[in-house]
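Structural overview for review
Chain by chain, the residues:
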Amino acid sequence: MNRSRIHRLLAERRQFLTYCLIGFSGVGLDLVAFTVLVTTASVHHQVANAVAYVLGTTNNFFLNVLFNFRTRDRLLARFLSFQAVGLLGLVTSAGILWLLVDRMRIGPIPAKIATLSVVLALQYNLNRLISFRRRGVDAP
């Protein structure tokens, strides 16, 4: 394995780990908002999921812009792309919640936690390849 390949693999791992750390802050915000909405405000779990998800996704976009992908160009287009990927994640999360809560009768909080790893993998890969892609750099 040559030096540039090793450097690229290390950079990708660092980027993924930073994405995960930033994601944890979004997940924390998402879970707190979801829990408050479901338990305190008696909001339906799907509505609470959507509201909490948008809060977490918006948080993650701005932190990724500043600290991870460090892209400052085309912010509106990147934000819309990130939100589109987030919408796909939300649909995935809602589907898993429907299966676990409405069909399998698992509580909404454990079910929400179960959605996180699936959505993390999906969104990281799509955001890296689409939302934060640098022109000419990440092309396959």
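Before reading further, recall that the structure is shown in the block above.
As the structure is a computational prediction, the values presented were derived from the model and not from experiment. (Residues numbered from 1 in each chain as written. Predicted model: local features only at pLDDT ≥ 70, side-chain atom pairs only at ≥ 80, totals over all residues. Heavy atoms only, no water.)

**What to know about the overall build of the chain**
What counts is decided by this rule: The secondary structure listing takes helices from DSSP runs of H or I that are at least 4 residues long and strands from runs of E that are at least 2 residues long, numbered from the N terminus. The classification of residues rests on relative accessible area computed with a 1.4 Å probe and restricted to protein chains. Under 20% of the type maximum is buried, over 50% is exposed, and intermediate values are partly exposed. Contacts are residue-level and defined by heavy atoms, with any inter-residue pair within 4.5 Å sufficient. Residue-level accessible areas treat just the shown protein chains as cover; the underlying method is Shrake-Rupley with a 1.4 Å probe.
Secondary structure summary: the chain contains four helices and zero strands in total. Along the chain, helices and strands appear, N-terminal first, in the series α-α-α-α. Projecting the C-alpha coordinates of the chain onto the three principal axes gives extents of approximately 55 × 35 × 20 Å. Residue burial in the chain is summarised as follows: out of 140 residues, 33% are buried. Counting only contacts in the chain whose residues sit at least 6 apart along the sequence, the fraction spanning at least 24 positions is 68%. Carbon and sulfur atoms make up 69% of the accessible area of the chain, which totals about 8,300 Å².

**A few points about the environment of Leu66**
Here Leu66 is to be found in helix α2 (residues 45-67). For the pair formed by Leu66 and Asp102, sequence separation is 36 residues and the distance between their alpha carbons is 38 Å.

**What about the packing of helix α3 (residues 75-103) against helix α4 (residues 108-131)?**
Definition in use: Where helices are involved, their axes are fitted lines through C-alpha atoms of the stretch in contact, as for all axes, and angles between N-to-C directions lie from 0 to 180°. Angle categories are assigned with fixed cut-offs, so that under 35 degrees is roughly parallel, over 145 is roughly antiparallel, 65 to 115 is roughly perpendicular, and the rest are oblique. In this scheme the handedness of a crossing depends on how the near helix is turned from the far one: anticlockwise by less than a right angle means left-handed, clockwise means right-handed. Residue classes follow a fixed rule: Ala, Val, Leu, Ile, Met, Phe, Trp, Tyr, Cys and Pro count as nonpolar, while Asp, Glu, Lys and Arg count as charged, and any other residue, Gly among them, counts as polar.
Viewed as axis vectors pointing N to C, α3 and α4 meet at an angle of 150 degrees, and their least axial separation amounts to 8 Å. With respect to α4, the axis of α3 lies roughly antiparallel. In this structure, the crossing between α3 and α4 has a hand that is right-handed. When the residues that make up the contact of α3 with α4 are grouped by side-chain class, the tally is 15 nonpolar, nine polar and two charged.

**What to know about α2**
Filter applied, for reference: Any helix carries an expected span of 1.5 Å times its number of residues minus one.
With 23 residues, α2 should reach 33 Å at 1.5 Å per residue; the first-to-last C-alpha distance of 32 Å fits that figure. Here α2 has its buried residues at His45, Ala48, Asn49, Ala52, Tyr53, Gly56, Thr57, Asn60, Phe61, Asn64 and Val65. Residues of α2 that are buried sit in contact with α1 (3-40), α3 and α4.

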